Structure formats: C-alpha cells, structure tokens
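A closer look at the structure
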There are 2 protein chains.
Amino acid sequence: MTKPLTIAMHPADNVAIVANDGGLPAGTVLPEGVPGAGLVLREAVPQGHKVALTDLPAGAEVRRYDVPIGTALADIPAGSWVHERRLALRPARELEGLPRSTFATGPHPDMACPPELTGRTFMGYRNADGSVGTRNLLAITTTVQCVAGVVSHAVDRIRRELLPQFPNVDGVVGLEHSYGCGVAIDAPDAVIPIRTVRNLSLNPNFGGEVLVVSLGCEKLQPERLLPPGSFPIADGRDPASGPETVCLQDAAHVGFHSMIEDILDRARPILARLNARRREPVPLSELVVGVQCGGSDAFSGVTANPAVGYAADLLVRAGATLMFSENTEVRDAVEQLTRRAATPEVAEGIVRELGWYDRYLERGRVDRAANTTPGNKAGGLSNITEKAMGSIVKSGSAPIAHVLPPGEKLRRDQRGLVYAATPASDFICGTLQLAAGMNLHIFTTGRGTPYGLAACPVIKVATRSDLARRWHDLMDFNAGRIAEGELSIEQAGWALLEQMIATASGQPTWAEKHQLHNALVLFNPAPVT
Amino acid sequence: MTKPLTIAMHPADNVAIVANDGGLPAGTVLPEGVPGAGLVLREAVPQGHKVALTDLPAGAEVRRYDVPIGTALADIPAGSWVHERRLALRPARELEGLPRSTFATGPHPDMACPPELTGRTFMGYRNADGSVGTRNLLAITTTVQCVAGVVSHAVDRIRRELLPQFPNVDGVVGLEHSYGCGVAIDAPDAVIPIRTVRNLSLNPNFGGEVLVVSLGCEKLQPERLLPPGSFPIADGRDPASGPETVCLQDAAHVGFHSMIEDILDRARPILARLNARRREPVPLSELVVGVQCGGSDAFSGVTANPAVGYAADLLVRAGATLMFSENTEVRDAVEQLTRRAATPEVAEGIVRELGWYDRYLERGRVDRAANTTPGNKAGGLSNITEKAMGSIVKSGSAPIAHVLPPGEKLRRDQRGLVYAATPASDFICGTLQLAAGMNLHIFTTGRGTPYGLAACPVIKVATRSDLARRWHDLMDFNAGRIAEGELSIEQAGWALLEQMIATASGQPTWAEKHQLHNALVLFNPAPVT
Ligand SMILES: [Ca+2]
Ligand SMILES: [Ca+2]
Ligand SMILES: [Ca+2]
Ligand SMILES: [Ca+2]
Ligand SMILES: [Ca+2]
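How each quantity is defined
Residues numbered from 1 in each chain as written. Chains lettered and ligands numbered in written order. Predicted model: local features only at pLDDT ≥ 70, side-chain atom pairs only at ≥ 80, totals over all residues. Heavy atoms only, no water. Helix = DSSP H or I, 4+ residues; strand = E, 2+ residues; numbered from the N terminus. Rg over C-alpha atoms; globule rule 2.2 N^0.38 Å. Buried < 20%, exposed > 50% of the residue type's maximum accessible area, 1.4 Å probe, protein only. Lys, Arg positive; Asp, Glu negative; His and termini not counted. Charge placed at Lys NZ, Arg CZ, Asp CG, Glu CD. Donors = N, O, S within 2.8 Å, 3.2 Å for Na, K, Ca; no water. Domains from an automatic or database assignment. Expected span 1.5 Å × (residues − 1). Contact = heavy atoms within 4.5 Å. Pairing = 2+ DSSP bridges. Least-squares fit on C-alpha atoms with pLDDT ≥ 70 in both. UniProt positions renumbered as here; feature names shortened; annotations may be inferred. Buried area = accessible area lost by both parts, 1.4 Å probe. Salt bridge = Lys/Arg side-chain N within 4 Å of Asp/Glu carboxyl O. Polar contact = N/O pair within 3.5 Å; in protein donor to acceptor, adjacent residues only side chain to side chain. Nonpolar A, V, L, I, M, F, W, Y, C, P; charged D, E, K, R; others polar.

**Here we look at the overall build of chain A**
Tallying secondary structure elements over chain A gives 15 helices and 20 strands in all. Computed over its C-alpha atoms, the radius of gyration of chain A comes to 24 Å, within 12% of the 24 Å expected for a compact globule of 529 residues. In terms of principal-axis extent, the alpha carbons of chain A reach across some 80 × 45 × 35 Å. Here chain A holds 529 residues, and 64% of them are scored as buried. Of the side-chain charges in chain A, 50 are positive and 56 negative, and the distance between the mean point of each set is 1 Å.

The following block contains the structure:
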C-alpha cells in the first residue's frame, strides 16, 4: 500500500480528508508529516471522507476550511470516521441577519511570506488606460448575431492573409454572440447582456482597440453598444470619434466581397498599431485573474481548489485582482462570504446579488441546488455548507474587497479579492469574467473538460494525477500531486503562481496550442421576443 | 417619372399600396393593369401608404389582406390617402372569445391552378423513415457546450481530410449550442431546449444518422438526449444500440489527439453510408419549408411576404408542409389565425401557445411590442393588425392544419400549413424550425441580412430591387420586381416555387456558396444556474 495520506484545509481544522485510493483501513497509523501524524484509525475511512484529528466531545464544533460544518452528535474520539450521520447539520442560511464583515483578517496568518513576492513582475502589454494585456489580440466585435457568418469568414481570411504580416499580433478574435433583435432590449434585465457585449470589447487583451461589425438595422446600434469615448486612445486619434465600424447595410457595399474587403481594410491599421507593441515587465498587481471550476469531483475541494486558493492569497498580497464567481455554488456558504466582506457595504452587495439570483431562480421554478446529492455524500461531503466551501476555497482567505454585478467591468481601482456574481455555467461565467476585465483564467476540473477561451489564456488545473496523465496535452497543472503527497497545498499554490506568471508572459496554454475555445455565452435573464 | 404602380393584397381589398419611390402626387391617374386603374389621386400619397380604391362612406370597413383593419371615421372618396388618422382602429385582441375555425376555406379561390403542379417533383435524398433530405450532411451532435472546441477542431479535419474521399457527401455540420450543465435541467421550461437539441439531430438533411460527441459528466447524458430507437435505421444495424457516441472522458482516451482520431474513426463508416446515397425524384409533398422574415421594411408585407405566401399556397396544394412562426409578430392578428384554424382544436392550440408566450413576456416585464412605432406609421402601417398581417401574409391563405410547440418535431402525418410557435429572433426561429424537421428555409428581408444555416439551404428573398442589386451575391430572389411592376405577386410566387425546387434539388444558395452560416441559438425560457 502507498503511504497513508491525510489532507487538512486549515491549521484550525479538527478533521482531515483521507486522500488514498480506496481509503484507509482500521488500524492505520498516520505517518509523520501529515495532519494527525501518530493517530491510529479506529475504523476504516473511505477516500475523500473525514477523520477526527482530535477527540470531539458531543456538541463540539466540527471545523473544516476553518468553518464550522456541524456539531458532533455524540463523542467522536480522535481517529474516527466523521460521517454525516455523526454530525448535527447546520441549516442552510437564509439572507437575513447574516454576519457582516466580521472576519476581514486577510490571508492566513501562517502563510509563508518570502520578501521577493512584492517585486515580482510578468511580461505584459500596457494599454492606454493603464490596464495590461497578457495577449495582443485583434478583436472584432459584433452588435448582433446576424453578422456572425460574415465575421467568421473575415476572421479566417485575416488569420490566413494578414496575420503573417504582423508577427507580434497573437491572433484575431471574433466576438460572436447570440444577441439579436430577439432580446427584449428595453426589458429591465436586458441591461445584463447589453453591458456584457459592451464590456467584452474592452477586455485588456485587445489593446484598447476594437473593430465593430454592425448589420445596420439592429436595435443595439454601435453607438448604443460603444458610445464615443469608450476607448481611451493614446495616439493622435480623436477619442470622441468612436471605434472603427463596418456596417454591412452601408449603401457603399456592393456584393459580399466588398463587405469582407472593407473589414480587412479597416483591420490593417489596427493590426499595424497592435504589431508595434512589445511586452514589458509589469508588476503582478496588473493581473486580473478569474477562477472557476467545472466538471468537479470529490477532490476538487481537496487539491485543485485549495491550491488555487493559496495562489489567490499570494496574488492578493501582490496587489492583483482575483475574481471568484458561481452564485449557486457559493449560495449555501453565504455566511462565510458576508463574514469575509471587507466592509458592511460589500456584505450587503453579496446579499443583494445572491438575493436577486434566488428570486430569478424562483421565477423559473428552480430549486436552488440546495441539497447534497447521494453522490456528494458518498464522496464525503456531509452537507451543503461543506460542499459550497469546497468551491469557495478557490478564493483563498483574503477579505472580499468588492462585489461585481454580472456583465459589469471592474474599475481600475477595484483590486484585491472580488466576488463577481455569475451563474455557475462554465461558459456564462467565463464570458462574464472576460467582460469584467479578466486577463488570465484559472479553471479547475476533476472529471476533465477541454474548456478554452479565444480571448484569454486558460490554465486548466486537474484535481487528480490520473486525469493529468491521461489528458497530458489538455491539463496545464496537476494539483493531484497534493493527494499523492508529492506537494503540499502551499507548494502547489506557489508552483501555480509561477505558471500563472509564465502564462501571462506569453507561454501558451494547451488550449491555445490546439486553438480550442468555447463559445461566448451571454447571461440573458430577460425574455426573447 | 416611372409608371404609377399600386399593389393590392387580395381581390376583396378596398385599399391598395403606392409602390413608387417618393409616392405619387395629387392628380396622378392610375394606369391600366394596376389596382384602381382609372382612378385620379385626390391628394399626394406617400410610398407604402394606402389609397382608397372605392368610396368608403363613414363607418365602412377598410379591408387589406382581406382583413378589416379599421373603419372610416368620415367619408373617404376613392383616390384619397387612407392614413391612420382617418381610421377608427380596432383594439388589439385579447385571447378570450376569439373566432375559431370559421374561415377554413383553403387557398384563394382565384388562385391560378395549372394541372402540372400535382405531378411536380424535386431531387431529394430518401431517409429510412420516409422523410427526405435536400442535402446529404454528416451531423456531429453535442450534448453540451463543453465539447464545442474539440468538435470544431474535428469538423475542420473531417472537412479537409475525409470529405474529399466521399464526394457525394455535401458537408459536415457540428451541432454546437450553448446548452450546458448551467441549464436547470429539471426546471419545467427546460424541456424546450432539451427537446430542441434532440430534434435537431433528427433533421432529415442528416440522413437518419448522427455522431454524438459527449463530455461524460454532463447532466444531459447521450441516452437522455437520444434514447435508443431515436433513429430509424434501414440497414442491418441494431436500432436499439443507439447512435455512435464518442465520450471525451472515456478512460481509453489518452491525449487530445486520441479524442480527435476517435471522432474521425467513427465518422468514416457514417460518411461511407452517406456517400452511397443518391438523389432521386420525390414529390413536392416531401418539402418541409420554414418561412420567416428579418430586417423587415415597409415593403416586406407588400412584395416579399405576399410572394412567399402565394408560393406557400402552392406548396400546401402540392401536399407539402409549410411552417410559419414568430409569436410576437403574429400576436396582434391572432383573430385571423384562429379564424383560419382548420379545426377548433387547432384554434385552441394557437391560443395556448400565444397565451403561454404572453405570460412568459409578462414574467420578464416586457410589453409585447403591441404598438406600431412612429417609423411604422411613417411607412404606412396604420395599426398593429395591419403590421402583423404583413408578417402573416407569408403563410398564404390555407387553413392552419397544425400547431407545433417550440422545439417539437413534426410527425410525418402533420402536413399542410403549420403554425410553429417560436420567438421572432431569426436565429432562435431558424433553430426551432430545424428541430421541427425543416429541409428548406425561406427568409425575407428588406434591410438585408447575410443570414444562413449550416444544416439547411436558406433562400433569401429581397423586398426591393435596390437591395437585390447591391447584395447581388447574397440575395437569392428579388421580390422587389413586384414593386417595379415587372412581376405580379402570382408570377413571383410561381418563380419562387421553381427556385425552391431547384434549391431543394441541390442548387446551392449564396450563403452555401460562401459557407456563411449563423449559430444555432436555443430557446431556453428556464433559468441558468
Ligand atoms: Ca463550479
Ligand atoms: Ca463553472
Ligand atoms: Ca420577422
Ligand atoms: Ca425579426
Ligand atoms: Ca425573424
């Protein structure tokens, strides 16, 4: 048998998780160097399940992720299996009377804190507004799905015919989306997809430039999408003139190829300006990192998400911006979020966004996925708070400094840890994080997904070594080494930070090498007509 | 000045539309061969506006599209401009107390009826279930957006490396969509996107075959999407075995390229079977035509839509299936639809679908676009019924034989004129009509759109000659010749029918020549999570 291995999430936890395949039998002695070293297991504990690190008298709080997940129903001696039938569960929190900003203590007090962190840089592209790109991309944005076929055609030709002349440009991205006149433009909730499309164009990876392709008769006119002045322009051009726009219905267009040539002609000067740019050293504080998880398994909350959380704390310490998201996955640990809010106003913002989402789901007669499934319990998750904490752990331990509604863009002064309120859907969350200004994306997965985005590099983090080995050319980072005892969470967090710096500086991800990317998917809570 | 031209929609109409650019001045004598021949205009009438063909005493019904659109507020002598201030408007109909199936009289009694229509055929691909394809396409369907990047990559390779070996196969289509685990799979309304994805795979242009690409951990598992027996199979294969499926998370996949090779390996035998097929003469009754309009102008309801409506009547007479759609555009002429219902049950189906849609819009606090805009009135549309009738005229004059809820597939015995209830959004409507089994699509446009679908040929019909000339390699049919007096509506309807037969038999549309196509966009009234 391989060496017994337990993993604890926080020094204050009084339970740890058994990492070994097949679990550990009764009588196992936990070895030196793991949580509970020296303990003898009083009974078999399955993989992914909890073992008591100390004697837990009846009524004692059981803590994991430094959070009380329940109380012992009877005495649980150290070395026992702490399964859900031995815990009095805490009820899911409603949104009234939550603690607000009572725990804003910053990163783990025990966090290793080498002095060199503050001086670290990555090689990025500086934009006129001070933001920084990790890629140098030509973006062609669209006001309406009508033009998507023409834009795809033009993007192909630009890639084949123009990009070879502009070797410093990393690629061309058509920002195609499903928005059309069918979205009820004046419905109250339509503001979300509209601002999302707008803010996507402003992503720092596009260099403060965009070429707009419009049909002409669409309700979402280019001036409504991107009012003059949307782009801070550093050179001699008039910022009030607005972005370069090709309108397909323009009377000057005779024939399909005149539309394509017009797009190519207007792309050339933008490509020339982008091509003149060079990477330069910029502080880590210019990273805007979005984290999410998808295709999760029992180890998501044990290996990959904690490693990401550790790296998140490092980034926050470096002054960077770290967004976490996924309303339905954090909802049942809302108490932990409001407690971590930097200010009472931030706590109220969290309650506002999650309350809005509760009502949105109720309108569609959807139970928020409030209960642990039998599969979750078999995997070791005793209750909904424990499940949500496994997702939230990606956010590390910093105070939550800001709350961002869906589709909004972060201001330059909104740094630190941000709760960007989005659905959990991988594609909708990714699209909204792009609109928020993300320049680097971290995606953890247990079951495996080929997820990618055209506009931003995505570092995919595997929860298990088995997945990382089989998908050796799709997974960018193997957090499964934590479960195999090769790396501590801290070591994995530091290694992930190094990989983030390399990727932000231009090292391609696997998805970029294969040119794999998913669709932009808008969050549209408004009806279609 | 060019010859004065008026256009009436129906022999029973007592108003006609002025077609000439800039309208017609007072004193114009309407020439022989146009509605109102010999009349002298008593005042100037703008383009697109109505002229009284007979004296309309105060209180008289004003009829257009053979429908009363209002009553004269005072005496309106023949040759007068019938503008909206001279009409008492009929209020928009609520859904109670509607006439039901009181007008099921069939195509225009005056319709030219040459005997050869019943014997006409097109060259199509017969499927095992008796349905007929107008194209011979390999479809790769997807259970979830997660796999879209991999499927795009595989589709590119199949196009480049395999299709040249299978020259009778017209193309390969990746049925990529935004559906993911984020759609609340058990929400009552989630049945709509799920059945849409399912029925898309069953489109007759895919030859009764499909290759499924699944991730593995998605909620919408392949067996739930396409239960065994979904495909009628004509050869020796076991129909209970279900379609060929590639699951990316399959443990046998080591590395990205093994996934791609697996998709290519399983595509080859399907391509070989498709390649062995040949077009054969089939009766017109096997056409399943979806019609819609987008980017409409004042002439949509005067030229293109009436020509389509005339062709629709011809198709219905030939035993074919003709779907019209777009809930919000027909809503305000619901009375005309329920009156044309073939049976009271069909009338009730129309009320059920439009009533459901009313409530869906109310939930999102959207006014159904019930009022004519100032632009509509300037263009000559006096009220909301007149506006809706301009859209409905695409459906011709046959009784409405069936009503199809969104995402459902027509049964083989559901022929004739069908109201397929969909949103008006071009992409959502087209996607739902594909799911219904459409093998030919007619799209009318006044402002112009490069709209196309990968799965089905789209004949784009221009409302004006100016658009048809400028977009000479995007518009497939010029209905503007009606407004120029070159063709009558009847002649245009027959010419369009001939073009439909040619296109269904393999003649490529402009969008096919340029490989232009829009995204599949699901109608998802359920929340995302
Ligand atoms: Ca997640
Ligand atoms: Ca997710
Ligand atoms: Ca329409
Ligand atoms: Ca429309
Ligand atoms: Ca439409």
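**So, the coordination of the calcium ion (ligand 2)**
Of the protein atoms, only Gln 292 of chain A (OE1), Cys 293 of chain A (O), Glu 326 of chain A (OE), Ala 424 of chain A (O) and Asp 426 of chain A (OD) coordinate the calcium ion (ligand 2), at distances of 2.3 to 2.6 Å. Each donor residue of the calcium ion (ligand 2) lies on one chain, and together they are spaced Q-C-x32-E-x97-A-x1-D.

**Describing the domain arrangement of chain A**
Here chain A is partitioned into domain 1 (1–90), domain 2 (125–275) and domain 3 (283–513). Spacing between the C-alpha centres of domain 1 of chain A and domain 2 of chain A amounts to 54 Å.

**Re helix H8 (residues 344–363) of chain A**
Residue and element names in this part refer to chain A. In this model H8 runs 28 Å from its N-terminal to its C-terminal C-alpha over 20 residues, within 8% of the 28 Å that 1.5 Å per residue would give. Burial in H8 covers these residues: Val 346, Ala 347, Gly 349, Ile 350, Val 351, Glu 353, Leu 354, Gly 355, Tyr 357, Asp 358, Tyr 360 and Leu 361. Looking at the packing, one finds that the buried side of H8 touches helix H6 (327–330), helix H7 (334–340), strand E16 (400–404) and strand E17 (416–420). Immediately beyond the C-terminal end of H8, within one or two residues, lies Arg 365, with a positive phi of roughly 55 degrees.

**Some remarks on the sheet that holds strand E8 (residues 132–133) of chain A**
All names here are of chain A. Strand order in this open sheet of three strands is E8-E7-E13, and the pairing throughout is antiparallel. Of all strands in the sheet, those with a lone pairing partner are E8 and strand E13 (280–283), marking the two edges. Note: strand E7 (residues 121–126) against E8, two bridges, orientation antiparallel. The residue bridging Arg 126 from the neighbouring strand is Val 132, located in E8.

**So, the relation of the copies chain B and chain A**
Of the two same-sequence chains, chain B is brought onto chain A (RMSD 0.1 Å, axial shift 0.0 Å) by a rotation of 180 degrees. The symmetry that links the two subunits is that of a two-fold axis. The C-alpha atom lying nearest the rotation axis in chain B is that of Arg 363 of chain B; the distance is 3.8 Å. Looking at the interface residues of chain B, 100% of them are also at the interface in chain A, so both copies use one shared face.

**Topic: the sheet that holds strand E8 (residues 132–133) of chain B**
With antiparallel pairing, three strands are arranged side by side in an open sheet as E8-E7-E13 (chain B). Here the strands that pair on one side only, and so sit at the sheet edges, are E8 and strand E13 (280–283) of chain B.

**A short note on the UniProt feature "domain: SAF" (unreviewed entry) in chain A**
Sites flagged by UniProt as "domain: SAF" (unreviewed entry) map to residues 13–88 of chain A. Within residues 13–88 of chain A, the helical portion is 0% and the strand portion 25%, while the C-alpha atoms at the span's ends are 17 Å from each other.

**Quick look at the interface of chain B and chain A**
With 59 residues of chain B at the interface, the matching set in chain A holds 59 residues. Taking both sides of the interface into account, the surface hidden between chain B and chain A amounts to around 4600 Å²; carbon and sulfur atoms contribute 64%. Considering only the side of chain B, the residues that lose the most area to chain A are Arg 470, Val 528 and Thr 529 of chain B, jointly responsible for 12% of the buried surface there. Connecting chain B to chain A are zero salt bridges. Where chain B packs against chain A, one counts 24 residue pairs in polar contact (both at pLDDT 80 or more). Counting only elements with at least two residues in the side of chain B that touches chain A, the list comes to helix H1 (148–162), helix H4 (256–275), helix H8 (344–363) and helix H11 (426–436) of chain B. Here the residues of the side of chain B that touches chain A sort into 30 nonpolar, 21 polar and eight charged.

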